[in-house]
Amino acid sequence: GLLDMAPTKFADMAIVYFEHTFKFLRQEAKNVFEFSHQVYRDFFCAWYIAEEIKRSLYQDKCCESLSLKLLDGDVIEFVSDLLGEKDPWEYARGETSTLVNMLNQCSAETPAICVANILRLLRYKRRKDLWGLDLSGLDLTLADLQNCTFFREGSGNCRPTSFAGAKIHRENLFTESHY
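Small disclaimer: the values here were computed from a predicted structure and weren't measured.

The rules behind the values
- Residues numbered from 1 in each chain as written.
- Predicted model: local features only at pLDDT ≥ 70, side-chain atom pairs only at ≥ 80, totals over all residues.
- Heavy atoms only, no water.
- Disulfide = S-S within 2.5 Å.
- Helix = DSSP H or I, 4+ residues; strand = E, 2+ residues; numbered from the N terminus.
- Axes fitted to C-alpha atoms, helices over the stretch in contact; angles between N-to-C directions.
- Parallel < 35°, antiparallel > 145°, perpendicular 65-115°, else oblique.
- Contact = heavy atoms within 4.5 Å.
- Buried < 20%, exposed > 50% of the residue type's maximum accessible area, 1.4 Å probe, protein only.
- Expected span 1.5 Å × (residues − 1).
- Phe/Tyr/Trp six-rings, centres within 6.5 Å; stacked < 30°, edge-to-face > 60°.

A look at the state of the cysteines
Working step 1: Enumeration over the complete set of coordinates arrives at one disulfide.
Working step 2: Note that Cys62 is cross-linked by a disulfide to Cys114, the S-S spacing being 1.6 Å. Between Cys62 and Cys114, the S-S torsion sits near 45°, and that sign places the bridge as right-handed. Here the residue Cys62 occupies a position in the loop between α2 (38-58) and α3 (73-82), and Cys114 occupies one in helix α5 (residues 112-125), the gap between them amounting to 52 residues.

Written out as structure tokens, the structure is:
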């Protein structure tokens, strides 16, 4: 079958298919391709990151792609959607999201950029509602936590976000004009 062929032959076929059928790629030079539109690039980038996040959960480590640079807006949206993230109240009792599981694997040694990217992904899907997360001991110095909700009053079964021992600056929570 298709997946039984040699990886290079499969890659060559995929390139021809994406270049001529879907017009995702344009060949710039020998073995140099460019996406025909940024949204295709962002989608395939997000697909790679989402798959890497799933794999890294089983290896108890932070996803390497999340430690390279802060993710762009479109990539954040695609990754969250590809992971099937939902609003926190949509999860059944005992069920947690992939991103919350990844966040729970983080420690004080986890790079700040990785923590910031996980929180950016959660922030997008939860519409800035970060209540109930355990951010204890994490380096939050690169995280944008402005205008986020960390506690829900009147919700009997939810707990506030924990910042115990976290490394954080006032710039993470407030704009310059508020301090």
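Notes on the packing of α3 against α5
Working step 1: At their nearest, the axes of α3 and α5 sit 9 Å apart, and the two run at 75° to each other. When the axis of α3 is compared with that of α5, the two are roughly perpendicular. Residues Ile76, Glu77, Val79, Ser80 and Asp81 of α3 form the contact with α5, whose own contacting residues are Arg120, Leu121, Tyr124 and Lys125.

Some points on unusual backbone geometry
Working step 1: Positive phi outside glycine occurs at Lys128, with the angle close to 65°.
Working step 2: Relative to the assigned elements, Lys128 resides in the loop between α5 and α6 (170-173).
Working step 3: Its relative accessible area of 32% is what places Lys128 among the partly exposed residues.
Working step 4: Non-glycine residue Asn147 carries a positive phi angle of around 60°.
Working step 5: Mapped onto the elements, Asn147 comes out in the loop between α5 and α6.

A word on α2
Working step 1: The first and last C-alpha atoms of α2 sit 31 Å apart over 21 residues, in line with the 30 Å expected at 1.5 Å per residue.
Working step 2: Packed against the buried residues of α2 are α3, α4 (98-105) and α5.
Working step 3: Just downstream of α2 lies Asp60, where phi reads positive at about 50°.

What to know about the packing of aromatic side chains
Working step 1: Counting across every chain of the model gives five aromatic pairs.
Working step 2: Ring centres of Phe43 and Trp47 lie 6.0 Å apart, and the angle between their planes is 40°; on these two criteria the pair is classed as tilted. Of this pair, Phe43 and Trp47 both sit in helix α2, four residues apart, which is roughly one turn of that helix.
Working step 3: Owing to a relative accessible area of 29%, Phe43 belongs among the partly exposed residues under this scheme.
Working step 4: The exposure class of Trp47 is partly exposed, given its relative accessible area of 43%.
Working step 5: Taking 5.5 Å as the distance between ring centres and 85° as the angle between the ring planes, the aromatic pair formed by Phe43 and Phe78 counts as edge-to-face. With Phe43 in helix α2 and Phe78 in helix α3, the pair connects residues that are 35 residues apart, well separated along the chain.
Working step 6: The class for Phe78 is partly exposed, based on a relative accessible area of 24%.

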